[in-house]
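Close look at the chain arrangement
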Amino acid sequence: MSFNMRASVSKAPPKRLINHETIEATKARLEKSAASKAWTKIGVKHHYGVCVPLFGLKSKNSCGVGEYLDLLLLVDFCTKIGFDVIQMLPLNDTNTDNSPFSPMSAFTLHPSYISLTQLPHFEKSTSEMKDLISDLQSLNSEPRVDWKKIRAQKTKFLRMYFELPESKALLKTAEFQDFLKKNEYWIESHALFNCLKTKNSMKSWEDWPETKEVDEEKEEAKTDSIIKTDAYARLVQENKEDIAFFQLCQYFCFQQLKKVSDYGLSKGVFLKGDIPFLCSKDSADVWTHRDLFQTQASAGAPPDLMNKDGQDWGLPLYNWPNMEKDDYKWWRERCKTASNFFSLYRVDHIVGFFRVWAVPKGRKPSEGRYEPGDKNQWIPQGEKVLRVMLESTDMLPIGEDLGTVPNEVRLCLQGLGVCGTKVLRWERNWERKEEGQPFIPIEDYNADSMSTVSTHDCETIPLWWIQKSDEAKAFCRFKHWSYKVESHAPPSSIDTSGPGGKLIGKSVPLENMEDILRDSHNSASLFHVNLLSEYLALVPPTQESKGLVYWNPLLERINMPGTVQDTNWSYRMLPTLEDIRDNEELAGSISKTKGPATKVTRQREAKKERLYVREPSKLPDKLRVYPGKPYPLGASWDGAGVNFAVFSEHGSRAILCLFDSALSTKETHQIEMPEYDDFVFHCYLPDVRPGQLYGFRMDGPWDPLNGHRFNVNKVLLDPYAKTIGRNVTWDDSLFPYSIDDHGYDKDLIQNMDDNAAFCPLGAVIDSAFTWGNDAPPNVPWHNTVIYEAHVKSLTFNHPEIPEHVRGTYSALCFEPIIKHLKKIGVTAIELLPIHHHVDEKFLIDKGLKNFWGYNTLAFFAPDIGFTSSSDPLGAINEFKTMVRVLHSHGIEVILDVVYNHTAEGNHFGPVFNFKGFDNTAYYKVVEGDERFYFDYTGCGNSLNVRHPRVLQLIMDSLRYWITEMHVDGFRFDLASTLARTFYEVDKLGAFFDIIHQDPIISKVKLIAEPWDLGDGGYQVGNFPVLWTEWNGRFRDDVRGFWNGKGTNLADLATRITGSSDLYSIDSGRSAVASINFITCHDGFNLRDLVTYNEKHNEANGENNCDGNNENASWNHGAEGETDDKGIKEFRWRQRANMIATLFLSLGVPMLLGGDELSMTQGGNNNTYCQDNDITHFNWKNTEDSDHQDFLDFVEKMISIRHTQKVLQRRRHFQGRTRKGVKDITWYLPDGREPHSNDWHNPGEQCLGYIMDGNAINEVSERGTRIVGDTLLILINGSFNNVEFKIPPHASHMPWSLILSSDRSLNNEKMGHLWQSSDLFHMKDHSVSILQLYSPKHRALK
């Protein structure tokens, strides 16, 4: 790549297409792009339109083919229905070729489209001319364009018109001369080419004697163009009359099309043209500018699945170096000419600007190669040319980027602000063959694109529905439709014997047609443009009505690629434009398609769920059924078959249901489970294999008043399902009661609707996995640094992770994530819930989702929303791989688990599994009023932990995640709920007894969130031994101190020293029982904690009523972000203060992921439903120097934590002297030790303390005494700068600064030594860490 080319291209584009952004974000991005002029002109908003081949239009004045001024009527129609785009196939002159994509010139317009009856002085036409008009207009009734007759008759008319005196006079007018001047780059040469082409009987210009003549003179004169030769000038003079005729025809073409353009703009309707990428070799452009083309090779396509030999299109390549020499003048003029009429234009084969398959002359297509040969030049070349086109005009290009297009090309187009194209029926995950190549939800389209349901090269939807029934059926499965063909008997006047006779009267059902168009209108694309014929199909023909389309759908097809037949490029619509404009039924039908997308589609888009369409081995019609065993519960593959076992204490009958695929609407096999032991139904099926999708139906009493909600009409998910084979699709049938009844007692009325098409399904797994030498890191608590993060938040925006992997378990294995975690010193990552969960219906209806995942559906299954695998079994292996990779880097995996409630809600909630298997066994129901549930969680229900089978479920789940998935610990959400035996919280409840005696669970890290929403639920400090706790008191007191909320020195000191008031030695606990944190997923993150006084949760759709109102936050002088440098520095210092306090405190520090990157959530303190940039990490934040400084500070602070033994104490400080040295000594700024009244004095906000490394009084794992450095910590929480008197130390050694939240000290005082009694200047609200200088430090220095 040359230096100049490097200089001309833009910065590297992002590595994934941007989607799921707000219209405001899209507007801001596009208006800053290279296409900003165009976007400013047309507006960044949703545009709707129709696409037409001009030849296919028909008005009462048309002469056998659509004409330029017919478009005026189409503008009126678009205005009526609220559309603002009219797209047309290429309008260039094709001479004798019917295809609009084979132009004789890239500049000239087709004279056959001239509206003859609207020409100036038409009334002067001779009788012969009028007869021609009558003859042409008689062709309007024909279903196809007779191109041969049209061209001959129209040319004859125009020749006769040219001979009229009034026409000759037009040649001398100022308007005509101005037209010639504006188009002088091409008008004369292309006119001459046309004349010579006709004179030479339409032969190729390579065979003309005139070509030989001009070429010889060009060589002799050594000029760079044939236009500069005398021979060319002679030819112009010799053909002066024919050239004038050609120029006048072009003048009328331009004049009429410009009239349409101006009229459209006055009505708010934009014309969209079509610019083919390549030119015909036999064109005026190549003849005139041979230096701009490579005629020794032609463009084509490489061998592929469609054509094993490749393709040679016979079209010349561009000579890009020569084009660059005159600054791409040919392209600039071409765009400038088109901009006379168009505000937008389609660029056919836009990938060709970047690279094209070049077939050398005389070679086979398979012997070609891509040009440029160097892939590194593709993007620079394409970007450079497209930038030229964008600079030349204010037209917006919309690329035809269908088929195989390198991802880098799509990214480059998006970076330039150039739209791509989405054809609904082709937007599928083609690489996911094992899933049936599922359709991509319309919500996932990127905004800078155009959605359409079909193109000029494919079948219309009615024809596709019949001829491509396999594709249509796949679409029906995606939409949860039943495939059917609408059929109507045609009237006897319709001939059914010709081509396509069997298709006559058959079509797509009208409601499906409307829905498909509705989807195209509701996609995330900004442009929604469909063939006009697709809309006309909304008014089909019947026995009573002619309709707006032909009985034979084959007649609606425009072109059939790969074929040469008269029906190609000759389509003519059935009604006139006047009929279309005045048809109220059509307008009403189109209006309906602009409504919201259908229910199922909307749900699937909102959930963005992966539908697994795994093809299991074909099951025999009759399955062998053996008794099986009651244990283990769930589905267990033993290498020869599968054992199924499910618990129900009160159920009367269990039916195992097997499904063929995730798209199945009904089970294929029902097996009544024959055995029932210990309240467990069980059977063994030797014919079933891993991957099989399954569920259960449970029969029993429907008696809600007594807590029983059995309903055999509901397929239930196995409580022990190890993976999810199909996710939930919300539907009324998922509720056990009649959803239509809105009364208070509606849950008492049984819902008999079958839910098999919408329920979640489990999949049988094979647990085999190669763990290799994986071993748990077993990091001791006192060396642990926890990093709380969400799988998707952490990885979704990382630019160095492949797009298809972001937001998944696999993404956590990538080097950039591992490197970041290790660099900042993380030893354990605590993941927000990864048990498979359900997004609540009320969130889906608002376009949101349960992003945090605290709504568990399956306690054994990893959430398939976090897997990049296309196989339900792959989710398990992907999770295991993540654990293995993290372990290999010494990082433990802790899971946030939610065993306190389930996704089934209260008595008005849905039924997915537990409620249908045995409601009173699984849930805590109100004694004496079993219809209702105890709710200690705010989520509608609480699991009945006192029931032995529920305890077994939880213990089995924990053991499974430890033994099978190799996780290292758990954080128990709302753990107080698990300790409730009946009403009160009992820390010696059965749950804890079982944990303590379990040889597997008791050995991993156990973290409690020690509160719930019930009375007496706040249990910080009250959990038993083996447990650590999220220390809410630490969070509140540290926030309170730094944000001025009333924390005194005594409370601060207690938290810093390990919260001995909560975790005392008398209770068998120590400092490491305290999980210290300032922020967590729930509440403000660190940056927002110092930026907002109030919550700002409007995005959650609850009028800012959700989330905690008390946050102990402080905005430091301005609510929200500010440019005030003083406030920004104050906030930076305060964040550093809290990070320093966190990592200087005894206990186990937990950092909220993203705080180190200075993430903001915009003041939202309850982001549970925000799957967007509010929660996704912004990895570009550190491009800001302040944010990079903060990341550096966090890294240094954690490094100090890891290297300083006094910060890794397991036991609390005693304040005792060991060999004359106290383990901790406290000081006030004046150098004295504080008295009792100082500790509680609200005016005292400055404190220092020495932690002596010679008084740790602990031993290492090998029994050796631990000795570390001695640290002096100085804390100033006041609003005043303080001169702190350096306290004495028995060693008489000086102190050196190792880190301060006051950045000026880190820059100016690093390396400075302070002696006893020296004054240390402390800025207000700051922390400084000093280390006792020793001979060891001197040697290191």
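Look a little higher up for the structure.
The following paragraphs examine the structure supplied in this document. Computed from a predicted structure; not experimentally measured. (Residues numbered from 1 in each chain as written. Predicted model: local features only at pLDDT ≥ 70, side-chain atom pairs only at ≥ 80, totals over all residues. Heavy atoms only, no water.)

1. Considering the packing of aromatic side chains
Following the criterion strictly, the structure yields 88 aromatic pairs and no others. Taken together, a centroid distance of 4.5 Å and an interplanar angle of 25° make the contact between tyrosine 720 and phenylalanine 860 stacked. Taken as a pair, tyrosine 720 in the loop between strand E24 (715-716) and strand E25 (724-726) and phenylalanine 860 in strand E30 (residues 856-862) lie far apart in primary sequence, 140 residues in all. Each member of the pair tyrosine 720 and phenylalanine 860 is classed as buried. Geometrically, the ring pair formed by phenylalanine 1084 and tyrosine 1092 is stacked, given 6.3 Å between the ring centres and 25° between the ring planes. Given a relative accessible area of 8%, tyrosine 1092 falls into the buried group. Seen from the ring of tryptophan 781, lysine 1005 lies directly overhead, with NZ or CZ sitting 5.1 Å from the centre. (Phe/Tyr/Trp six-rings, centres within 6.5 Å; stacked < 30°, edge-to-face > 60°. Helix = DSSP H or I, 4+ residues; strand = E, 2+ residues; numbered from the N terminus. Buried < 20%, exposed > 50% of the residue type's maximum accessible area, 1.4 Å probe, protein only. Lys NZ or Arg CZ within 6 Å of the ring centre and 35° of its normal.)

2. Description of helix H23 (residues 584-593)
When we look at burial in H23, the residues that qualify are Leu586, Ala587, Ser589, Ile590 and Thr593. Seen along its axis, H23 keeps its buried residues to an arc of 165°; they face one direction. (Arc of directions from axis to C-beta.)

3. So, the nonpolar core
Of all hydrophobic cores here, the largest spans 182 residues; its most connected members are Phe644, Ile829, Phe970, Phe972 and Phe991. Take this core: its biggest share by element is nine residues, from helix H30 (residues 948-963). Formed by 179 residues, the second largest nonpolar core is a distinct cluster that contains Leu69, Leu164, Trp287 and Tyr318. (Core = buried A, V, L, I, M, F, W, Y, C linked by side-chain atoms within 4.5 Å.)

4. A look at the pattern of salt bridges
Applying the stated criterion across every chain yields a total of 71 salt bridges. Salt-bridge contacts for arginine 1087 lead to glutamate 1121; the nearest nitrogen and oxygen are separated by 3.1 Å. Of this pair, arginine 1087 sits in helix H34 (residues 1086-1089) while glutamate 1121 is found in the loop between H34 and helix H35 (1125-1144), placing the two residues 34 residues apart along the sequence. Looking at glutamate 1121, the relative accessible area reads 44%, which means it is partly exposed. Notably, a salt bridge pairs lysine 1222 with glutamate 1233, separated by 3.9 Å at the nearest N-O pair. Placement of lysine 1222 in strand E40 (residues 1221-1222) and of glutamate 1233 in the loop between strand E41 (1224-1227) and helix H37 (1236-1239) is noted, with a sequence separation of eleven residues between them. When its relative accessible area of 29% is taken as the criterion, lysine 1222 is described as partly exposed. By relative accessible area, glutamate 1233 is classed as partly exposed at 40%. A single network of salt bridges, built from pairs that share partners, joins Arg425, Glu459, Lys468 and Arg557. (Salt bridge = Lys/Arg side-chain N within 4 Å of Asp/Glu carboxyl O.)

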